[in-house]
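Coordinate inspection notes
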Amino acid sequence: MPAYNTEAYIAKSIKAVMAQTFTNWELLIIDDGSSDGTRKIAESFAKRNSKIMVILQKNAGVATARNLGILKAKGDYITFLDSDDLWDPSFLADTLQIALAGDYPVVYAGYDLYDLAGHWVKPEQAPEYFDGNILQRYLNNFYVCHICSLLIRRRDLLISNILFSPGHIYGEDTEFIIKLFSQFRVGNTHSILFKYCKRPNSATTSEDFRRHISIIHAYIESLDYLTKNYFQKDRLQVLDIMKKRYVRGEIRKSMQLSIQKNLPTFSAEIRSIYKNLA
């Protein structure tokens, strides 16, 4: 559980783990240099429960925090939960049951979206559930799963050296899932077991544009990874989707934003990225 300045939410997230019907778990809370009461709250839970451990790091971002958790974890399976989101009490039990029954390295559950007031937000697309090689289906339906609705066999992550890219502020989740789905058979629970809390974006225009730049680089790295490592029968279709819809689509969106907001420096940066594409 990566945590950064989430003192208003983290207690509920920790309690969601403690409420799991599957009880043989460990919770690693990676405090990413919080400046509020997040660390104090996490440590108060750790003092009362030996299965909870708090690990401190200087502020380095969620990707670095998750990678540290992967390396420090002791269990056979690993999953992620952000410090402002919630699991259904049966999340671990249900995903693990599917993983063991089908020998799946990766299992996902569906998810619902909620606002800060706890109100359900209607998704743009209904959840869908697929088994096996689901990479192309994921690329065609972004709402298949969330990074925090996955259960992953830890040894497969370590052997394949699939980790989060620390240099990306945004887009690191999608890049990680794309790499994961490109290498492993995937199972699913056919049920919604994760609640994603969508907090409003308070970023400035400059920060919002940097978000788009980060996402573009994450997509480019995903495309490069697939070009070198994905050789399933739908390889050409997957690469075409990745290049046209994700990389070029995000470049086009970012260019439109830079023009609308009159940001010539960012427009030049986008043009430079586009020219460097193979």
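Fair warning: this is a prediction, and the values are worked out from it, not measured in the lab.

**Quick word on unusual backbone geometry**
A positive phi angle is found at Asn 5, which is not glycine, with a value near 50°. Following the sequence through the fold, Asn 5 ends up in the loop between strand 1 (2-3) and helix 1 (10-18). Classification of Asn 5 as partly exposed rests on a relative accessible area of 25%. In the Ramachandran plot, Asn 262 falls in the positive-phi region, its phi being about 55° despite a non-glycine side chain.

**A look at the packing of aromatic side chains**
Within this structure, the stated rule accounts for nine aromatic pairs. Seen from their ring centres, Phe 164 and Phe 176 are 4.0 Å apart, and the 5° between their planes marks the pair as stacked. Of this pair, Phe 164 sits in the loop between helix 6 (154-160) and helix 7 (172-183) while Phe 176 sits in helix 7, and the two are twelve residues apart along the sequence. We note that Phe 164, like Phe 176, is buried.

**Topic: the layout of surface pockets**
Taken as a whole, the second largest pocket encloses approximately 620 Å³ of empty space. Lining the second largest pocket are 25 residues, and of these Trp 25, Glu 26, Tyr 77, Ile 78 and Thr 79 sit closest to its centre.

**Quick look at the sheet that holds strand 1**
Reading across the sheet, the three strands line up as 1-2-3 and stay open at both edges, with parallel pairing between neighbours. The open sheet is flanked by strand 1 and strand 3 (52-57), the only strands paired with a single partner. Packed onto the sheet, helix 2 (residues 38-48) meets strand 1, strand 2 (27-32) and strand 3 and runs at close to 150° relative to strand 3. Running over the sheet, helix 3 (residues 62-72) touches strand 1, strand 2 and strand 3 and is turned about 150° from strand 2.

**Let's talk about the pattern of salt bridges**
Following the criterion strictly, the structure yields ten salt bridges and no others. As a salt-bridge pair, Arg 66 and Asp 82 come within 2.8 Å of each other at their nearest N and O atoms. Of this pair, Arg 66 sits in helix 3 while Asp 82 sits in the loop between strand 4 (77-78) and strand 5 (86-87), and the two are 16 residues apart along the sequence. Asp 82 carries the same exposure label as Arg 66, and that label is buried. Here Lys 244 and Asp 240 are joined by a salt bridge, their closest N and O atoms 3.2 Å apart. Remark: Asp 240 and Lys 244 occur in helix 9 (residues 235-260); sequence separation between them is four residues, near one turn of the helix. We classify Asp 240 as partly exposed; its relative accessible area is 37%.

**Structural notes on the side chain of Ser 83**
With respect to the helices and strands, Ser 83 occurs in the loop between strand 4 and strand 5. A polar contact is formed between the side chain of Ser 83 and the backbone oxygen of Pro 2, at a distance of 3.4 Å. In terms of polar contacts, Ser 83 uses its side chain to reach the side chain of Thr 6, at 2.8 Å. In contact with Ser 83, not counting residues within four places along its chain, are Met 1, Pro 2, Ala 3, Tyr 4, Thr 6, Tyr 9, Ile 10 and Ser 13.

**Quick notes on the packing of helix 9 against helix 10 (residues 264-275)**
Packed helices, taken two at a time, are described by the angle between their axes plus the distance between the axes. It is at 9 Å that the axes of helix 9 and helix 10 come closest, and there the two elements cross at 160°. Viewed along their axes, helix 9 and helix 10 adopt a mutual orientation that is roughly antiparallel. Once helix 9 is placed against helix 10, the crossing between them reads as left-handed. Residue-level inspection shows Ile 251, Ser 254, Met 255, Ser 258 and Ile 259 of helix 9 in contact with helix 10, the latter providing Phe 266, Ser 267, Ile 270, Arg 271, Ile 273 and Tyr 274. Of the residues belonging to the contact of helix 9 with helix 10, the class tally is seven nonpolar, three polar and one charged.

Rules and cut-offs
Residues numbered from 1 in each chain as written. Predicted model: local features only at pLDDT ≥ 70, side-chain atom pairs only at ≥ 80, totals over all residues. Heavy atoms only, no water. Helix = DSSP H or I, 4+ residues; strand = E, 2+ residues; numbered from the N terminus. Buried < 20%, exposed > 50% of the residue type's maximum accessible area, 1.4 Å probe, protein only. Phe/Tyr/Trp six-rings, centres within 6.5 Å; stacked < 30°, edge-to-face > 60°. 1 Å grid on protein atoms, 1.4 Å probe; cavity = no way out; pocket = protein on both sides within 12 Å on 5 of 7 lines; lining within 4 Å. Points joined across faces, edges and corners; volume = space filled by probe spheres on them. Pairing = 2+ DSSP bridges. Contact = heavy atoms within 4.5 Å. Axes fitted to C-alpha atoms, helices over the stretch in contact; angles between N-to-C directions. Salt bridge = Lys/Arg side-chain N within 4 Å of Asp/Glu carboxyl O. Polar contact = N/O pair within 3.5 Å; in protein donor to acceptor, adjacent residues only side chain to side chain. Parallel < 35°, antiparallel > 145°, perpendicular 65-115°, else oblique. Left-handed = near helix turned anticlockwise from the far one by under 90°. Nonpolar A, V, L, I, M, F, W, Y, C, P; charged D, E, K, R; others polar.

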